Amino acid sequence: MSKLFAISSEWFIGCAISALAYTFLFYFNNWLTSDITFSLGVSWIYLPAGLRLFLTLIFGLPGAIGITVASFLISYYGDFPHDLTLCIGVGLISGFAPYLARFFVFSNLRLESDLSNLNFPKLIVCILTYALLSAGLHQWWFATMTLEDTGSVNHFVVMFIGDVLGSLLLISLIKYCLDLLRKTRKTAH
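Read on for an overview of the structure.

**Concerning the environment of isoleucine 127**
In step 1: Among the structural elements, isoleucine 127 can be located in helix α5 (residues 120-144).
In step 2: In the structure, isoleucine 127 is positioned 57 residues away from threonine 184 in sequence and 29 Å away in space, judged by C-alpha atoms.
In step 3: Excluding residues within four positions of it along the chain, isoleucine 127 makes contact with Leu53, Val164, Ser167, Leu168 and Ile171.

Below, the structure written as structure tokens:
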């Protein structure tokens, strides 16, 4: 019973951290990049893309579920039309495109579950795979739902670039902070 509780609490914590972190970074990115937004749901730099990938690499399915819930709520109560089907699709794509990329990378690049062998080339493959899946699925969904001014090749290209740049910037920032933390710990000892 205690093992089941530990697993369910790990799942809940992974979902909650993912949902809260994604929501915070989404609104921060919106504020930071509002002048370079291309169109509804498409930005030239999208930092939450890197967080989506990072959270699903770390938490797996709970990360994808947390992102899905947060993205659905952000879409439904934000700028998107209040269409339940549209927003459920946006949430599912937001959460599960990085999870699919994670699955691809783990199975094809032999990435360890603890990410101990994650190197720069594997990270680039992961980012590019995720960005292709995310931009492609989002734009396909927008076109399927006949969302105005979306679903074109231009929107796909800008979303792909925004996801790649956002992922590279955020993951570089995380790596810089971790290196700084290690350096601080070494000088303290």
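**Considerations on the packing of aromatic side chains**
In step 1: Taken as a whole and assessed by the stated rule, the structure comprises 11 aromatic pairs.
In step 2: Between phenylalanine 28 and tryptophan 31, the ring centres sit 5.8 Å apart and the planes meet at 40°, which makes this aromatic pair tilted. With phenylalanine 28 and tryptophan 31 both in helix α1 (residues 2-32), this residue pair falls three residues apart, about one helical turn.
In step 3: On the basis of relative accessibility, which here comes to 33%, the residue phenylalanine 28 falls in the partly exposed class.
In step 4: Residue class for tryptophan 31 comes out exposed when judged on its relative accessible area of 62%.

**Quick notes on the layout of surface pockets**
In step 1: Taken as a whole, the second largest pocket encloses approximately 400 Å³ of empty space.
In step 2: What lines the second largest pocket is a set of 18 residues, and nearest its centre among them are Leu118, Leu123, Ile171, Ile174 and Lys175.
In step 3: Breaking the lining of the second largest pocket down by element, the ones donating at least two residues are α2 (47-59), α5 and α6 (153-188).
In step 4: In terms of residues, the lining of the second largest pocket owes the most to one element, α6, which gives nine residues.

**Regarding helix α3 (residues 61-77)**
A turn of α-helix holds 3.6 residues, and therefore any two residues three or four places apart point the same way.
In step 1: Spanning 17 residues, α3 covers 24 Å between terminal C-alpha atoms, matching the ideal 24 Å at 1.5 Å per step.
In step 2: Taken residue by residue, α3 has Pro62, Gly63, Ala64, Gly66, Ile67, Thr68, Ala70, Ser71, Ile74 and Ser75 as its buried positions.

**Brief notes about the nonpolar core**
Soluble globular proteins tend to bury their nonpolar side chains together.
In step 1: By size, the foremost hydrophobic cluster in this structure holds 28 residues, and its most contacted members are Tyr22, Leu53, Leu57, Leu111, Ile127 and Tyr130.
In step 2: Looking at this core, the elements with two or more residues in it are α1, α2, α3, α4 (84-108), α5 and α6.
In step 3: With six residues, α2 is the largest single contributor of residues to this core.
In step 4: Not counting residues within four places of it along the chain, the set of residues in contact with leucine 53 comprises Pro98, Cys126, Ile127, Tyr130 and Ile171.
In step 5: Counting residues in hydrophobic clusters, the runner-up holds 12 residues, among them Val90, Trp141, Val158 and Met159.

**A word on the packing of α3 against α4**
In step 1: For the pair α3 and α4, interaxial distance at closest approach is 7 Å and the crossing angle is 150°. Judged by the angle between their axes, α3 and α4 are roughly antiparallel. Note on packing geometry: the crossing formed by α3 with α4 is right-handed. Where α3 approaches α4, its residues Leu61, Ala64, Ile65, Ile67, Thr68, Ser71, Phe72, Ser75 and Tyr76 are matched on the opposing element by Leu84, Cys87, Ile88, Val90, Gly91, Leu92, Ser94, Gly95, Phe96 and Tyr99.
In step 2: Taken together, the residues of the contact of α3 with α4 break down into 13 nonpolar, six polar and no charged.

**Description of α4**
In step 1: Taking 1.5 Å of rise per residue, the 25 residues of α4 would be expected to cover 36 Å, and the 35 Å separating its terminal C-alpha atoms lies within 8% of that figure.
In step 2: A bend of about 30° at phenylalanine 96 is the largest found in α4, and the proline proline 98 appears one to four places after it.
In step 3: Structurally, the start of α4 carries an N-cap: the backbone nitrogen of threonine 85 is 2.9 Å from a side-chain oxygen of aspartate 83.
In step 4: In the segment just after α4, arginine 110 is the residue with positive phi, at about 55°.

**Overview of the packing of α4 against α5**
In a packed pair of helices, the relevant descriptors are the angle between the two axes and the axis-to-axis distance.
In step 1: Closest axis-to-axis distance for the α4/α5 pair is 9 Å, and the angle between their directions is 155°. It follows from the interaxial angle that α4 and α5 lie roughly antiparallel. Between α4 and α5 the crossing geometry is right-handed. Packed against α4, whose contacting residues are Thr85, Leu86, Gly89, Val90, Ile93, Ser94, Ala97, Pro98, Leu100, Ala101, Phe104 and Val105, the element α5 presents Val125, Cys126, Thr129, Tyr130, Leu133, Ser134, Leu137, His138, Trp141 and Phe142 at the interface.

**What to know about a nonpolar patch on the surface**
In step 1: Where nonpolar side chains cluster on the molecular surface, the patch consists of Ile36, Phe38, Trp44, Val153, Val157, Ile161, Leu165 and Leu169 and spans about 650 Å² of accessible area.
In step 2: At five residues, α6 tops the list of elements feeding residues into the nonpolar patch.
In step 3: For isoleucine 161, the location among the structural elements is in helix α6.
In step 4: Under the relative-accessibility criterion, isoleucine 161 is labelled partly exposed at 30%.

Each value, and the rule that gives it
- Residues numbered from 1 in each chain as written.
- Predicted model: local features only at pLDDT ≥ 70, side-chain atom pairs only at ≥ 80, totals over all residues.
- Heavy atoms only, no water.
- Helix = DSSP H or I, 4+ residues; strand = E, 2+ residues; numbered from the N terminus.
- Contact = heavy atoms within 4.5 Å.
- Phe/Tyr/Trp six-rings, centres within 6.5 Å; stacked < 30°, edge-to-face > 60°.
- Buried < 20%, exposed > 50% of the residue type's maximum accessible area, 1.4 Å probe, protein only.
- 1 Å grid on protein atoms, 1.4 Å probe; cavity = no way out; pocket = protein on both sides within 12 Å on 5 of 7 lines; lining within 4 Å.
- Points joined across faces, edges and corners; volume = space filled by probe spheres on them.
- Expected span 1.5 Å × (residues − 1).
- Core = buried A, V, L, I, M, F, W, Y, C linked by side-chain atoms within 4.5 Å.
- Axes fitted to C-alpha atoms, helices over the stretch in contact; angles between N-to-C directions.
- Parallel < 35°, antiparallel > 145°, perpendicular 65-115°, else oblique.
- Left-handed = near helix turned anticlockwise from the far one by under 90°.
- Nonpolar A, V, L, I, M, F, W, Y, C, P; charged D, E, K, R; others polar.
- Bend = angle between axes of the 7 residues up to and from the residue.
- Polar contact = N/O pair within 3.5 Å; in protein donor to acceptor, adjacent residues only side chain to side chain.
- Patch = residues over 30% accessible without salt bridge, like charges linked within 9 Å, V, L, I, M, F, W, Y side chains within 5 Å.
- Areas by Shrake-Rupley, 256 points an atom, 1.4 Å probe, with all protein chains shown as cover.
- Salt bridge = Lys/Arg side-chain N within 4 Å of Asp/Glu carboxyl O.

Any link to function would need more than the numbers given here.
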